[in-house]
Structures are given as C-alpha cells and as structure tokens.
Amino acid sequence: MHPVGPTRGSVLVVGAGIIGLAAAWRLAEQGHPVTLVDPAFAIQKPTMASGSQAALGVMMAQVFHRSAGRAWRLRQQSQALWVQWLAELEQRGYRLPHRRGLLLLAASEDDLSKQARIAGDRARLGQTVRLISPRELDLLHPQLPGQPLGGLFSPEDGQLDPGAVMAAMLSEAKRAGVVCLAGKAVAVVRHRPWQLVLEGHRHLEADWLVLALGLGTAALLASLGLVLDLEPVLGQALELELASAPHWSWPGVVVWRGMNLVPRPDLGDQGRRLWLGATLEPGARLDAAALASLRQLGGEAPSWLKEAEVVRHWNGLRCHPRGQAAPVLEEPEPGLLIASGHYRNGVLLAPATAAWICGRIQGIHESQQKPCIG
Ligand SMILES: Cc1cc2nc3c(=O)[nH]c(=O)nc-3n(C[C@H](O)[C@H](O)[C@H](O)COP(=O)(O)OP(=O)(O)OC[C@H]3O[C@@H](n4cnc5c(N)ncnc54)[C@H](O)[C@@H]3O)c2cc1C
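Treat the numbers as computed from the prediction; the structure is a model and nothing was measured.

### Concerning the overall build of the protein
In step 1: Scanning the protein from terminus to terminus reveals ten helices and 19 strands.
In step 2: Viewed in the frame of its principal axes, the protein has a C-alpha envelope of about 65 × 45 × 45 Å.
In step 3: Buried residues in the protein amount to 50% of all 374 residues.
In step 4: When contacts within the protein are restricted to residue pairs at least 6 apart in sequence, long-range pairs at least 24 apart make up 72% of them.
In step 5: As displayed, the protein has an accessible area near 16,600 Å², and 54% of this comes from carbon and sulfur atoms.

Right, dumping it as structure tokens:
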C-alpha cells in the first residue's frame, strides 16, 4: 500500500541494471509515480552487456581496508539493507539463492598484516571478523588454491545471485506501479519538469531524473554540457562443473588473489557447480590470456579445479569513474541525480544507492538519511 499524503514527485529512472531497478522499486513503494527506461526491456533475454547481468554477487562490506569514510558507510548501510531486502523478498515468495560467509586468503606477508589490521579495527567496532591460521585452512575441503599464509573470515559478508534478485525486484517494482518502457535515452533537455529524449524522437517528462545507465551515463550528461569521465573495465567469469561432488566445508565464498570462488550447490548436479571470476581487463575488449589465467588461478589451481569442466563463460563491463571515487552519487542540478560508476561493487552497493536516491528525492541530506524502506 502506498503511504497516504500529498502527491509525490514523478521520477524517471534511466537504466534498469541493479542500481536503476533497486531505485525504481523503492521509490514506487514510497508512492512515487516511476517510469523505468531501458532498451533491454525490448529483448526477451537481456545480453551480458550490462554489468549487473554478469556480476557474481560477491559482497565484501566487512573485509574492507577502511573503517571510516563514505565508502565504508555505504558498504555498512548496504549490508544491513541487503539483510532486510532479502528477507522481505523471500517473505513475498521469491527464491533467492544466497550464502553468508566469506574467506579472504592471504597470499603474502603484506596481506597478512593488512588482515590483522582489519581484524583489529573490526574488533574495536564489536564486529565479528576472525583471523584463520594456515593449520585451520588445511582442514578445509576441497583443498584451497595456492599456499595461503592465513585468512580472514567474515560471517557477515557473502554472495547472492544477482539474476534472481534482479528478477524479483523487477516484478516487485511492476507490482508497486513502475512503468517499464523499452527505449534508448539519447539526450536530456534542461526543462521544468525534466525532459528525456528517446531514440525515435519520443519525449518523456518527470520532476526527477535518475541517471543509472552505468557507462551510458556520460553520454546523457554530455547532452547537457556536463562532463563525467567513465571508463569500461571488462570482466570475464566461468561456471565450472567439478568431476565429482565435494563435501564442501568452506565457510562461504573464497577469495584468492582477487579471484572469487563461489560454490553454487543450489545449481543442481549434487553440489558440483562453482562460479569463478572475475578478470579485470581495462577497456571493452576480451583478453584470452586473462581468461586462461583465471581458469588456472594464475597457475595455482588445485587438481580438483583443474579437472573441472567449463559449462558457461560470460563477460560484462564495469563502469569505472576516472579521477574520482566510486560510486558517483551526485545531484549536479536540482532534480537531476547521477547514480553511476559503481565499478566492482554495484551489487553490494545497490541498497545504499537506492537509499541515497530516495533520501534526495524526499529532501533528506546524506548525514541524516534514514534507510529508504517501503
Ligand atoms: C564479471 C563481473 C563480475 C562482477 N562481480 C561483482 C560482484 O561480485 N559484486 C559486486 O558488488 N559487483 C560486481 N560487479 C560489478 C557490478 O556488476 C556493477 O557495479 C553493477 O552491475 C553496476 O550496475 P548498474 O545498474 O550501475 O549498471 P549496469 O548493470 O551496466 O546497467 C546499466 C543499464 O543501463 C542501460 N542503458 C545503457 N544505455 C542506456 C540508454 N541510452 N538508455 C536507457 N538505458 C540504457 C543498460 O541496458 C543497462 O541495463 C561485477 C561486474 C562484472 C562485469
């Protein structure tokens, strides 16, 4: 049910990746008339071109090197909101594969000292992050990659299936009244209300315009004479099927030298599926060598992983802001919101981003902002 009260401002959300979807859903639940525009609505099966369709859904809020500042706050807020959002969506009947627990392995003395510092910082904040000894790591099954010197375990971090969550958010957004429109935005006109020009000379109007087009955001801003420097960083990932079903005793997702190993027992085949990703390739061109290195975990894959069969390979583009911190959450002109440049953490940061957007539209500033819960 929408809250009773004065008419809420209309909102046009451009881009239906995880950021635009999350924002559209929460705004509609708050009673705003929302239109969500994306060319992908014209296609039955969206391509992997959007970052969100390619993401592994790994969420690292606690094992983060900072313990203060904007990035830290956004991560903490998002983590708390994800717990609420998943519970809320599951209560509404959606099946959303997710797992808690993340083990960050230390590959060097430098990693070890960073992990010790993070563990100390979290302990001071009363949070549960634990250092794991090499002896404990040796007991885990199947065998971990490389020869880790230790590890940092976070029970609060983990992973969710971005595809399942996005499908649930889209369906809840529609239920809350969001109008989904297939179209490619080509320009913005400075006008009251804001005007969005779509390919084919169609125009849309709204009190608020949210630009959540990932890499496409720069071109739309350019139509207003505004500059945002965004660059693509390609990522490739693999789904593997193991030769036999291991008795997983990993405490969650494992991260080794920046590569994520995500057991996917929910994908069937008696727990034999695993996601492996993702490469970091500057630009938008596929690099076969980067994929080969990922497949072999840089030459440190244990035998059970080497023997696994690749059953799916995909890629997508991340949106990296040049010269400023990710993500870009800005209101360059009244009523125009930029929610882009989430780079490697768009899945993790979707709830905090939606909360920032809701807060802006409701006139609440970041410092006093309450989570945007429907
Ligand atoms: C391989 C890979 C693995 C990743 N793993 C993780 C992970 O484990 N955890 C994590 O938190 N993040 C991860 N990420 C990063 C994450 O995917 C992104 O940060 C996130 O998806 C960004 O979402 P978005 O909605 O801003 O952009 P996108 O998902 O790129 O969505 C932008 C949308 O805008 C639409 N659009 C573009 N142009 C226009 C236009 N002109 N008009 C209208 N619509 C338009 C597109 O069709 C698209 O649907 C990964 C990324 C990759 C590539």
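### Some details on the pairing of strand 12 (residues 230–241)
In step 1: Taken across its twelve residues, strand 12 has ten buried, putting it largely inside the fold.
In step 2: Bridge count for strand 12 against strand 17 (residues 309–321) is twelve bridges, and the pairing is antiparallel. Counted as the bridge partner of Gly-235 is Gly-316 from strand 17.
In step 3: Both strand 12 and strand 15 (residues 273–277) contribute to a ladder of five bridges, which runs antiparallel. Each residue of the ladder has a partner; that of Leu-238, found in strand 15, is Leu-276.

### Quick word on the pattern of salt bridges
In step 1: In this structure the tally under the stated criterion is 23 salt bridges.
In step 2: Measuring nitrogen to oxygen at the nearest pair gives 3.9 Å for the salt bridge that ties Glu-29 to Arg-175. Linking Glu-29 in helix 1 (residues 18–29) with Arg-175 in helix 6 (residues 162–175), this pair joins segments that are 146 residues apart in sequence.
In step 3: Under the relative-accessibility criterion, Glu-29 is labelled buried at 12%.

### Things to note about the side chain of His-342
In step 1: Tracing the chain through its elements places His-342 in the loop between strand 19 (336–340) and helix 10 (346–361).
In step 2: Ignoring any residue separated from it by four or fewer positions in sequence, one finds His-342 in contact with Ile-19, Cys-319, Ala-326, Pro-327, Leu-329, Leu-349 and Thr-353.

### A few points about the sheet that holds strand 7 (residues 179–181)
In step 1: Strand order in the open sheet formed by six strands is 7-2-1-11-19-18, with mixed pairing between adjacent strands. Where the open sheet ends on each side, the last strands, each with one partner, are strand 7 and strand 18 (328–333). Strand-to-strand, the axes of this sheet are offset by a mean angle of 20°, without reference to chain direction.
In step 2: Here helix 10 sits on the sheet and contacts strand 1 (11–14), strand 11 (208–211), strand 18 and strand 19; the angle it forms with strand 19, its principal contact strand, is near 175°.

### Structural notes on the confidence of the model for the protein
In step 1: The share of residues in the protein with pLDDT of 70 or more is 94%, and the mean pLDDT across the chain is 92.
In step 2: In this model residues 1–6 is a low-confidence stretch, pLDDT under 50, and it forms eight contacts with partners more than four residues away in sequence or in other chains.
In step 3: In the model, residues 369–374 has pLDDT below 50 throughout and makes 20 contacts with residues more than four positions away in sequence or in other chains.

### Comments concerning the layout of surface pockets
In step 1: A volume near 210 Å³ is recorded for the second largest pocket.
In step 2: For the second largest pocket, the lining is made up of 14 residues, of which Met-59, Val-83, Leu-86, Arg-100 and Glu-156 are closest to its centre.
In step 3: Elements with a contribution of two residues or more to the lining of the second largest pocket: helix 3 (70–91), strand 4 (98–106) and strand 6 (150–160).
In step 4: For the lining of the second largest pocket, the class distribution of residues is six nonpolar, four polar and four charged.

### A short note on the nonpolar core
In step 1: Ranked by internal contacts, the top residues of the largest apolar core, which has 48 residues, are Trp-82, Met-169 and Ile-357.
In step 2: For this core, the element with the most residues is helix 10, which contributes eleven residues.
In step 3: With residues up to four places along the chain from it excluded, the contact list for Met-169 reads Ile-18, Leu-21, Ala-22, Trp-25, Trp-85 and Leu-89.
In step 4: Grouped together as the second largest cluster of nonpolar side chains are 25 residues, Leu-144, Phe-153, Val-254 and Leu-305 included.

### Examining the site of the ligand
In step 1: The environment of the ligand is made up of 34 residues, and the closest members are Asp-38, Ser-52, Val-58, Ala-185 and Tyr-343.
In step 2: Leu-56 places a polar main-chain atom, nitrogen or oxygen, 3.2 Å from a nitrogen atom of the ligand.
In step 3: Contact between the ligand and Tyr-343: an oxygen atom at 2.9 Å from a main-chain N or O atom of the residue.
In step 4: For the ligand, whose unbound accessible area comes to 1,000 Å², protein coverage reaches 90%.
In step 5: Of all elements in the fold, only helix 1, helix 2 (51–54), strand 17 and helix 10 reach the threshold of two or more residues within the shell around the ligand.
In step 6: Residue classes in the shell around the ligand are distributed as 17 nonpolar, 13 polar and four charged.

### Describing the packing of aromatic side chains
In step 1: Applying the stated rule across the entire model yields six aromatic pairs.
In step 2: Look at Trp-248 and Trp-304: their rings are 6.1 Å apart centre to centre, the planes differ by 85°, and that puts the pair in the edge-to-face class. Of this pair, Trp-248 sits in the loop between strand 12 and strand 13 (253–256) while Trp-304 sits in helix 9 (residues 303–306), and the two are 56 residues apart along the sequence.
In step 3: On the accessibility criterion, Trp-248 (23% relative accessible area) is partly exposed.
In step 4: On the basis of relative accessibility, which here comes to 15%, the residue Trp-304 falls in the buried class.
In step 5: Seen from their ring centres, Trp-250 and Trp-304 are 5.9 Å apart, and the 65° between their planes marks the pair as edge-to-face. One end of the pair, Trp-250, is in the loop between strand 12 and strand 13; the other, Trp-304, is in helix 9, and 54 residues separate them in sequence. Of the two residues, Trp-250 and Trp-304, neither departs from the other in class, the shared state being buried.

About the criteria used
Residue numbering note: each chain is counted from 1, following its sequence as written. For a predicted model such as this one, the threshold for reporting local features is a pLDDT of at least 70, and the threshold for listing and counting side-chain atom pairs is 80 or more; totals across whole chains, interfaces and linings nevertheless cover every residue. Side-chain measures here rest on the full set of heavy atoms in the structure, leaving out hydrogens and waters. Strands are runs of DSSP state E lasting at least two residues, helices are runs of H or I lasting at least four, and both sets are numbered from the N terminus onward. Only protein chains enter the calculation, and the probe is 1.4 Å; a residue is then buried if its accessible area is under 20% of its type maximum, exposed if over 50%, and partly exposed in between. The contact criterion used throughout is that any non-hydrogen atoms of two residues lie within 4.5 Å. To measure how exposed things are, a 1.4 Å probe is used in the Shrake-Rupley method; for residues, cover is taken only from the protein chains shown. In this description, strands pair whenever DSSP reports at least two bridges between them. By convention in these notes, a salt bridge is any Lys or Arg side-chain nitrogen within 4 Å of a carboxyl oxygen on Asp or Glu. Every axis corresponds to a line fitted to the C-alpha atoms, with the helix fit spanning only the stretch in contact, and the corresponding angles, defined between N-to-C directions, vary from 0 to 180 degrees. Across the chain, each position has a pLDDT score giving the predictor's confidence in that residue, from 0 to 100. In this analysis a 1.4 Å probe is tested at points of a 1 Å grid over the protein atoms alone, and where it fits but cannot get out there is a cavity; an open set with protein on both sides within 12 Å along at least five of seven lines is a pocket; lining residues have an atom within 4 Å of a point. Grid points are joined across faces, edges and corners, and a volume is the space filled by probe spheres set on the points. Each residue receives one of three labels: charged for Asp, Glu, Lys and Arg, nonpolar for Ala, Val, Leu, Ile, Met, Phe, Trp, Tyr, Cys and Pro, and polar for the others, Gly being one of them. Residue types Ala, Val, Leu, Ile, Met, Phe, Trp, Tyr and Cys, when buried and joined through side-chain atoms within 4.5 Å, form a set referred to as a nonpolar core. Residues are labelled near a given molecule or strand when at least one of their non-hydrogen atoms is within 4 Å of it. As used in this structure description, the phrase polar contact means that two N or O atoms lie within 3.5 Å; if the pair is within protein, one of them must be able to donate a hydrogen and the other to accept it, and residues adjacent in sequence are counted only when both atoms belong to side chains. Between 30 and 60 degrees the pair is tilted, below 30 it is stacked and above 60 it is edge-to-face, where a pair is any two Phe, Tyr or Trp rings, Trp via its six-membered ring, whose centres lie within 6.5 Å.

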